[in-house]
Amino acid sequence: MNGVLPDSEIRDLIDQGAIIADPAITPEQIQPASLDLRLGTTAYRLRASFLAGRGRRIADRLDDLQMHQMDLSGGAVLERGCVYLVPLMERLTLPAGLTAVANAKSSTGRLDLLTRLVTDDGTEFDRLPEAYDGPLYAEICPRSFSVLVRPGMRLNQLRLRQGQAVLTDDELRELNAREPLVGGPALIDHGLGFSVDLKPSGGDLVGYRARPHSGVIDLDRIGEYPAAEFWDELRTTEGRLILDPGAFYILVSRESVAIPADYAAEMAPYLAMVGEFRVHYAGFFDPGFGIGRAGVGARGVLEVRCHEAPFVLEHGQVVGRLVYERMSARPDRLYGAGIKSNYQGQGLKLAKQFR
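Residues numbered from 1 in each chain as written. Predicted model: local features only at pLDDT ≥ 70, side-chain atom pairs only at ≥ 80, totals over all residues. Heavy atoms only, no water.

1. Here we look at the overall build of the protein
Along the protein, the regular secondary structure elements total four helices and 25 strands. What you see for the protein is a C-alpha radius of gyration of 20 Å, in line with the 20 Å of a compact globule of 355 residues. Projected onto the principal axes, the alpha-carbon positions of the protein cover approximately 55 × 50 × 40 Å. The buried share among the 355 residues of the protein stands at 53%. Of the contacts formed within the protein by residues at least 6 apart in sequence, a portion of 82% connects residues at least 24 apart. Of the roughly 15,200 Å² of accessible surface on the protein, a fraction of 46% belongs to carbon and sulfur atoms. Placing the 40 positive and 47 negative side-chain charges of the protein at their respective mean positions leaves the two points 3 Å apart. (Helix = DSSP H or I, 4+ residues; strand = E, 2+ residues; numbered from the N terminus. Rg over C-alpha atoms; globule rule 2.2 N^0.38 Å. Buried < 20%, exposed > 50% of the residue type's maximum accessible area, 1.4 Å probe, protein only. Contact = heavy atoms within 4.5 Å. Areas by Shrake-Rupley, 256 points an atom, 1.4 Å probe, with all protein chains shown as cover. Lys, Arg positive; Asp, Glu negative; His and termini not counted. Charge placed at Lys NZ, Arg CZ, Asp CG, Glu CD.)

Next up, the structure:
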């Protein structure tokens, strides 16, 4: 059946040798609708980001583009503003009919840690063509904070698809009528639209802005770092913010959204023409997100980066859309159910390393 592959089918691919790794893949890597990918033991500091291009291998281009090589075994710092390439522990031999897409994990995005999958023969980031057979690499560019990484850390994840899985707007309306996807009226236009909340019901805290020149963050240290040393609180009673060029923000959606058990979703920009800011590096929403709570759904945290010009962001402004996809089968486990899901039931929340 066409759709996004659930955990059980990912395990089947591992058993069949279509996904291999050294060391072997652990059960903790397998999510309801994706596979976490692990950093290998080496990082290459690059002169610039690049794609291999058709008919070319990543390894063949490293001599020209690498500045130096780093051993991650004892831990190493990836510095803010620099570009690194890390070979991953996993390798793919995709069967015919299967494609894959990658995205940063939630904490990766909330740290403004731009992480993209690159591959041999690749002409775009985070996309693997049907029947791809080859190694996987993570390109990592820390944008706001320098970070300490080690082999085995999981910064991005892979979602596998059989055929066409995306719901049309009509199918999305039918699903919303059966199982409400949003707490309130649904704006459906090439996906489920969502807006920014700048008028919180309790208090005036609407978000956070990353502080420049902060310290190093060890990604393994959960609840370790005082938020005030890395983030400025944003407070307003006016229902608007002026975004500064180059700044990174954590905000929250006005709507609560839900992902039913037989579906997955991916966050996408609302309109290419709304080009002054980009929302969300970490775009995968697993089956079960926002399910089982009082009311409908959970709110989505928005990772926002402003581009060339200052931009006025107003309460209720539509900033993104969730594109829903069918699962090829229901996952054995749902998001937040028996899984260590750090952000289930989230509101405005920083990455798990902060307190």
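2. Here's the deal with the packing of aromatic side chains
Under the criterion given, the structure shown has nine aromatic pairs. Taking the centre distance of 5.7 Å and the plane angle of 75° together, the rings of phenylalanine 145 and phenylalanine 230 count as edge-to-face. With phenylalanine 145 in the loop between strand 11 (133-142) and strand 12 (147-149) and phenylalanine 230 in the loop between strand 16 (217-218) and strand 17 (231-235), this residue pair connects regions lying 85 residues apart in the sequence. Comparing phenylalanine 145 with phenylalanine 230 shows no difference in burial state: the two are buried. (Phe/Tyr/Trp six-rings, centres within 6.5 Å; stacked < 30°, edge-to-face > 60°.)

3. Thoughts on the side chain of glutamate 325
Here glutamate 325 is to be found in strand 25 (residues 318-326). Here arginine 161 takes part through its side chain, which lies 2.4 Å from a polar atom of the side chain of glutamate 325. (Polar contact = N/O pair within 3.5 Å; in protein donor to acceptor, adjacent residues only side chain to side chain.)

4. Digging into the sheet that holds strand 12
Strand pairing within a sheet occurs via backbone hydrogen bonds; the two strands may be parallel or antiparallel. If you trace the three strands from one edge of the open sheet to the other, you get 6-12-16, paired in mixed fashion. Edge positions in the sheet fall to strand 6 (76-78) and strand 16, since each has one partner strand and no second. (Pairing = 2+ DSSP bridges.)

5. Overview of the nonpolar core
Counting 53 residues, the largest nonpolar core has Trp231 and Phe354 as the members making the most contacts within it. Sort the elements by how many residues they give to this core and strand 7 (residues 83-93) lands first, with four residues. Those residues in contact with phenylalanine 354 that lie beyond four places of it in its chain are Leu111, Ile217, Gly223, Tyr225, Ala227, Phe230 and Trp231. Judged by nonpolar contacts, the second largest core, of 35 residues, contains Leu234, Val257, Cys306 and Val319. (Core = buried A, V, L, I, M, F, W, Y, C linked by side-chain atoms within 4.5 Å.)

6. Things to note about the side chain of arginine 110
Here arginine 110 shows up in helix 3 (residues 106-110). Residue classification places arginine 110 among the buried positions, given a relative accessible area of 3%.

7. Section: the UniProt feature "domain: 2'-deoxycytidine 5'-triphosphate deaminase N-terminal" (unreviewed entry) in the protein
Taking the numbering used here, the UniProt-annotated feature "domain: 2'-deoxycytidine 5'-triphosphate deaminase N-terminal" (unreviewed entry) corresponds to residues 2-164. Across residues 2-164 one finds 14% helix and 44% strand; the C-alpha atoms that close the span lie 6 Å apart. (UniProt positions renumbered as here; feature names shortened; annotations may be inferred.)

8. A closer look at unusual backbone geometry
Cis geometry marks the peptide bond from aspartate 22 to proline 23, where omega comes out at 0°. Here proline 23 lies in the loop between strand 2 (19-21) and strand 3 (35-38). The phi dihedral of aspartate 121 falls on the positive side, at around 65°, and the residue is not glycine. You can see aspartate 121 is positioned in the loop between strand 9 (113-119) and strand 10 (127-128). Located in the positive-phi region is histidine 190, a residue other than glycine, with phi close to 55°. Within the element layout of this structure, histidine 190 appears in the loop between helix 4 (169-178) and strand 14 (192-195). Histidine 190 sits in the exposed class, given a relative accessible area of 59%.

9. A short note on the pattern of salt bridges
In total, this model carries 26 salt bridges according to the counting rule given. For arginine 47, the salt bridge is made with aspartate 64, and the minimal N-O distance between the two is 3.3 Å. Taken as a pair, arginine 47 in the loop between strand 4 (42-46) and helix 2 (58-65) and aspartate 64 in helix 2 lie far apart in primary sequence, 17 residues in all. With a closest N to O distance of 3.5 Å, arginine 221 and aspartate 218 form a salt bridge. Connected through shared salt-bridge partners, Arg150, Asp218, Asp220 and Arg221 make up one network. (Salt bridge = Lys/Arg side-chain N within 4 Å of Asp/Glu carboxyl O.)

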